[in-house]
Amino acid sequence: MAEANWYVVHTYSGYENKVKADIEKTIENRHLEDEILEVRIPMEDVIEIRNGARKTVQKKLFPGYVLINMFMNDDTWYVVRNTRGVTGFVGPGSKPVPLTDREMRPLGIQSENYVYDFKTGDTISVISGVWKDTVGVIQSMNENKQTVTINVELFGRETPVEISFAEIQKQ
C-alpha cells in the first residue's frame, strides 16, 4: 500500500473548524479511519495585550486551510473534496500535491515511527498524558495512527480509550 501523506485543503475562510468536524464525522460514518488518519488546523500561540492584560490565545497559522494526513485514493479524494466548505485541494489543476518533509518541519508535525514490542491482548501501563498510571489490556491497535485502544473504568463502566504509542509501555 502507498504511504500516507499530508495534503492541504482550501476552505472558505472561517469554516476551518466546521470542515474539520465534518470530515471527522464522515471518517467515522464511512469507516475510513485507516485511510484518512488525521485532520489538523495549524495553530500558533499569540500573546495579546488588551486593556493592559497579557493573554495567550491560539490563532490559525493559515486561515482558510486545513491539513489532512491520508492515503490518496478515489474514495478519500471524493470524501474530502465534497465536504461542505471545501473549495479544493492545493495543487496544480485537480491533482493534489502532498507536503514534503521540509514543508512539514516548520509546522511542528513530525512523522515519527515507533518501534514497539506489544500486541493485542498485552497488558500495558500508561506513562504520560491524561491516563497516566492507568493499566489496561490492549483491545486493538492502529499502526497508521500509532495508537492502541484499551478499556478503562470510567464512572463504573468499561470505556474504550485511544492512547498514543508514545504514552505507553509494556508491563
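Above this note sits the structure.
Residues numbered from 1 in each chain as written. Predicted model: local features only at pLDDT ≥ 70, side-chain atom pairs only at ≥ 80, totals over all residues. Heavy atoms only, no water.

So, on to the packing of aromatic side chains. Under the defined criterion, the tally for this structure stands at two aromatic pairs. With a centroid separation of 5.7 Å and an interplanar angle of 70 degrees, the aromatic rings of tyrosine 12 and tyrosine 15 are classed as edge-to-face. Given a relative accessible area of 46%, tyrosine 12 falls into the partly exposed group. The exposure class of tyrosine 15 is partly exposed, given its relative accessible area of 42%. (Phe/Tyr/Trp six-rings, centres within 6.5 Å; stacked < 30°, edge-to-face > 60°. Buried < 20%, exposed > 50% of the residue type's maximum accessible area, 1.4 Å probe, protein only.)

The next subject is the side chain of glutamate 16. Relative to the helices and strands, glutamate 16 resides in helix H1 (residues 16-30). The class of glutamate 16 is buried, set by a relative accessible area of 1%. (Helix = DSSP H or I, 4+ residues; strand = E, 2+ residues; numbered from the N terminus.)

Another aspect to go through is the sheet that holds strand S7 (residues 123-126). Strand order in the open sheet formed by five strands is S10-S9-S8-S7-S11, and the pairing between neighbours is antiparallel. With partners counted over all chains shown, the strands left at the sheet margins are strand S10 (157-164) and strand S11 (168-170), one partner each. Strand-to-strand twist of the sheet, defined as the mean angle between neighbouring strand axes without regard to direction, takes the value 45 degrees. Taken together, the three bridges between S7 and strand S8 (residues 135-142) define a ladder with antiparallel strand orientation. Within S8, the residue paired with threonine 123 across the bridge is valine 137. (Pairing = 2+ DSSP bridges. Axes fitted to C-alpha atoms, helices over the stretch in contact; angles between N-to-C directions.)

By the definition in use, this model includes seven salt bridges. Across the salt bridge formed by lysine 18 and aspartate 22, the nearest N and O atoms sit 3.3 Å from each other. Remark: aspartate 22 and lysine 18 occur in helix H1; sequence separation between them is four residues, near one turn of the helix. Note on lysine 18: relative accessible area 47%, which makes it partly exposed. Close ionic contact of arginine 50 with glutamate 48 constitutes a salt bridge, the shortest N to O distance being 3.7 Å. (Salt bridge = Lys/Arg side-chain N within 4 Å of Asp/Glu carboxyl O.)

All right, on to the nonpolar core then. A general feature of soluble globular proteins is that nonpolar side chains tend to end up buried together. Ranked by internal contacts, the top residues of the largest apolar core, which has 16 residues, are Ile23, Ile36, Val39, Ile68, Met70 and Val80. Mapped by element, the contributors of at least two residues to this core are strand S1 (5-11), H1, strand S2 (36-40), strand S5 (65-70), helix H2 (74-81) and strand S6 (86-89). Apart from residues no more than four positions distant in its own chain, valine 80 is found in contact with Val9, Ile23, Ile36, Ile68, Met70, Val86 and Phe89. (Core = buried A, V, L, I, M, F, W, Y, C linked by side-chain atoms within 4.5 Å. Contact = heavy atoms within 4.5 Å.)

By themselves, these are just geometric observations and shouldn't be taken as functional.
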